[in-house]
Amino acid sequence: QLQLVDSGGGSVQAGGSLRLSCVASVHTYYMAWFRQAPGMQREGVAAIYHGTGRTYYPDSVPGRFTISQDKSKNTVYLEMSSLNPEDTAMYYCAARRKATPAYADTWWLMSKYDYWGQGTQVTVSS
């Protein structure tokens, strides 16, 4: 059974940076980070394909978030910089264990992922 443990959240001031980590108990094909602010839908902010390291981002967070991986540790990271109060949310790690040819076009859909972490809170103050 795959388990995901995400961590690294905290409180920072606007303009600050944070690095989130997600450790998977077994190998996965894809891993992603989503976030959910109070009263809002959960949205994808980054994803990575373990095989090639190809990364995916939405247009809404250009250049400020970077996803990376350490294959030897089954771990993905989300480096966040120039944080602003609108980035305040619970951040969740997600994983998919099976390959899919349509992933590049649909990586941002929650239904693409079979496993979820417990979430880590990020709070950005102005």
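What counts, and at which threshold
- Residues numbered from 1 in each chain as written.
- Predicted model: local features only at pLDDT ≥ 70, side-chain atom pairs only at ≥ 80, totals over all residues.
- Heavy atoms only, no water.
- Pairing = 2+ DSSP bridges.
- Helix = DSSP H or I, 4+ residues; strand = E, 2+ residues; numbered from the N terminus.
- Axes fitted to C-alpha atoms, helices over the stretch in contact; angles between N-to-C directions.
- Buried < 20%, exposed > 50% of the residue type's maximum accessible area, 1.4 Å probe, protein only.
- Lys, Arg positive; Asp, Glu negative; His and termini not counted.
- Salt bridge = Lys/Arg side-chain N within 4 Å of Asp/Glu carboxyl O.
- Polar contact = N/O pair within 3.5 Å; in protein donor to acceptor, adjacent residues only side chain to side chain.
- Contact = heavy atoms within 4.5 Å.
- Core = buried A, V, L, I, M, F, W, Y, C linked by side-chain atoms within 4.5 Å.

Asker: An account of the sheet that holds strand 3 (residues 18–24) is requested, with residue identities and associated values reported.
Answerer: Strand order in the open sheet made by the four strands is 1-3-8-7, with antiparallel pairing throughout. In this open sheet, the two strands that pair with only one neighbour each are strand 1 (4–7) and strand 7 (65–70). Between one strand axis and the next, the sheet turns by 15 degrees as a mean value, whatever way the strands run. Pairing between strand 7 and strand 8 (residues 75–80): six bridges, direction antiparallel. Among the inter-strand pairings, Ser 68 is bridged to a residue of strand 8, identified as Tyr 77.

Asker: Describe the side chain of Ser 21, with residues and values.
Answerer: Turning to its location among the elements, Ser 21 is positioned in strand 3. Using a relative accessible area of 16% as the deciding quantity, one classes Ser 21 as buried.

Asker: Which residues make up the side chain of Lys 112, and what values do they have?
Answerer: With respect to the element layout, Lys 112 can be found in the loop between helix 1 (103–106) and strand 10 (115–116). For the buried Lys 112, which has no salt bridge, the nearest side chain bearing the opposite charge is Asp 105, at an N-O separation of 9.1 Å. At a separation of 3.4 Å, a polar atom in the side chain of Lys 112 contacts the side chain of Thr 106. The contacts of Lys 112, once residues within four sequence positions are left out, are Arg 96, Thr 100 and Thr 106.

Asker: Go over the pairing of strand 8 with me, naming the residues and quoting the values.
Answerer: Judged by how many residues are buried, strand 8 sits mostly within the fold: five of six residues are covered. The pairing of strand 3 with strand 8 spans six bridges and is classified as antiparallel. Note on strand 8: the bridge partner recorded for Cys 22 is Val 76.

Asker: I'd like a rundown of the nonpolar core, residues and numbers included.
Answerer: Among the nonpolar cores identified, the biggest contains 25 residues, and Leu 4, Met 31, Trp 33, Phe 65, Leu 78, Met 80 and Tyr 91 are the most heavily contacted of them. Elements with a minimum of two residues in this core: strand 3, strand 4 (30–36), strand 5 (43–49), strand 7, strand 8, strand 9 (89–96) and strand 11 (120–125). If sequence neighbours within four positions are ignored, Leu 78 has contacts with Leu 18, Arg 19, Leu 20, Trp 33, Val 45, Ala 46, Phe 65, Thr 66, Ile 67 and Tyr 91.

Asker: Quick rundown of the pattern of salt bridges? Include the residues and the values.
Answerer: Across all of its chains, the model carries four salt bridges by this definition. Ionic pairing is found between Arg 19 and Glu 79, a salt bridge with its closest N-O pair at 4.0 Å. In this pair, Arg 19 sits in strand 3 while Glu 79 sits in strand 8, placing the two residues 60 residues apart along the sequence. Accessibility expressed as a relative area gives 44% for Arg 19, which makes it partly exposed. Residues joined in a network through salt bridges with shared partners are Arg 35, Glu 43, Arg 64 and Asp 87.

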